[in-house]
Amino acid sequence: MPREKSAKRLAEPAAVVIRGSEATRISGLSVHASLAGEIGLRIVRGDYPPGTILPNEAKWSQTFNVSRSAVREAIKMLMAKSLLASRPKIGSWVEPKERWNLLDRDVLAWYATSPDREVFLRTVQEFRHIIEPEAAAFAAIRRSDEQMVEISQACREMGEAAHIQERTRADTRFHLAILRASGNDLLVPLGVLIESALDHLFVFVTREHSDQRRAQSLHEAIERNIRLRRPAAARSAVHKLLANTDEVIELSRR
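Residues numbered from 1 in each chain as written. Predicted model: local features only at pLDDT ≥ 70, side-chain atom pairs only at ≥ 80, totals over all residues. Heavy atoms only, no water.

A. Region of interest: the pattern of salt bridges. By the definition in use, this model includes 16 salt bridges. With a shortest N-O distance of 3.6 Å, Glu195 and Arg105 are connected by a salt bridge. In this pair, Glu195 sits in helix α11 (residues 195–208) while Arg105 sits in helix α6 (residues 105–112), placing the two residues 90 residues apart along the sequence. Of the residues examined, Glu195 reaches a relative accessible area of 17% and is grouped as buried. Between Arg180 and Glu150 there is a salt bridge, with its nearest N and O atoms 2.4 Å apart. With Arg180 in helix α9 (residues 164–181) and Glu150 in helix α8 (residues 145–160), this pair connects stretches of sequence that are 30 residues apart. Each member of the salt-bridge network shares a partner with another, and the members are Arg105, Arg169, Glu195 and Asp199. (Salt bridge = Lys/Arg side-chain N within 4 Å of Asp/Glu carboxyl O. Helix = DSSP H or I, 4+ residues; strand = E, 2+ residues; numbered from the N terminus. Buried < 20%, exposed > 50% of the residue type's maximum accessible area, 1.4 Å probe, protein only.)

Here's what the structure looks like:
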């Protein structure tokens, strides 16, 4: 099936599981953060559907061989991300998905490695269609010389990258630099929040898309039109890049 094919091609970060002696070698902060990561991943990938009442502190403590205080801190972290709610005598339960804080870095990372990866990729792409064309147009008007250097350097580093990690990190820097250069104060923190989502998307697209020369050419067109202060052309260049990415995602499903 297409989803299985896609999953095999993507290198997924391993879930953090705390067992036995491993837990005793980790600092207190790392224990509850790692435990929150394991439980959060299980929630996002659907092991515990919305409405499910989770095991109590004693059960989690036994399962992962950690202290109850570490469990409590982990649950607090997940409540802060709106994945869980809790009430005395009832315990903790999974909140409806629409309440989850999907702009949280951790939640985005868990979402990106869940079985709904295709949904995640489309969601990120829709966000980009809404934001990036106009951001590039504004960047062409408002960018400073220093911001242009940052955009151009990231674009150049994409083309010079020796391996996929270098290229995707440069790709992310390129797009975040454009958001900063747009001069809109709301886009800057938003870009930082979705950085991990862009990373996951660009890793997927780079691995699925064999024609890296074309991808580089599309990025260079954006860089050139921002540098030459051509807002309409910059907007159009972003639309072409996004259409190319849409095509890669669609082809990966076949």
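B. Examining the pairing of strand β1 (residues 84–87) more closely. Sheet analysis places β1 next to strand β2 (residues 91–94), joined by four bridges and oriented antiparallel. Bridge pairing links Leu84 to Val94 in β2. Counting the residues between successive antiparallel strands, the hairpin from β1 to β2 contains three residues, one of them, Lys89, with a positive phi of roughly 70°. (Pairing = 2+ DSSP bridges.)

C. Up close: the nonpolar core. Counting 44 residues, the largest nonpolar core has Ile43, Leu54, Trp60, Leu83 and Phe120 as the members making the most contacts within it. A per-element tally of this core places helix α3 (residues 28–44) first, with seven residues. Core analysis: the next-biggest nonpolar cluster, separate from the first, contains 22 residues, Cys155, Phe174, Ile178 and Leu242 among them. (Core = buried A, V, L, I, M, F, W, Y, C linked by side-chain atoms within 4.5 Å.)

D. Quick look at the environment of Asp104. As for its position among the elements, Asp104 is in the loop between β2 and α6. Sequence-wise, Asp104 and Ser196 are 92 residues apart; in three dimensions their C-alpha atoms are separated by 9.5 Å. Among the polar contacts made by the side chain of Asp104, one reaches the main-chain amide nitrogen of Val107 at a distance of 3.2 Å. (Polar contact = N/O pair within 3.5 Å; in protein donor to acceptor, adjacent residues only side chain to side chain.)

E. A look at the packing of α6 against helix α7 (residues 117–142). Interaxial distance between α6 and α7 falls to 8 Å at its minimum, and their mutual angle equals 125°. By the angle between their directions, the pair α6 and α7 is classed as oblique. Here Leu108, Tyr111 and Ala112 of α6 come into contact with α7, specifically with Arg117, Val119, Phe120 and Thr123. (Axes fitted to C-alpha atoms, helices over the stretch in contact; angles between N-to-C directions. Parallel < 35°, antiparallel > 145°, perpendicular 65-115°, else oblique. Contact = heavy atoms within 4.5 Å.)

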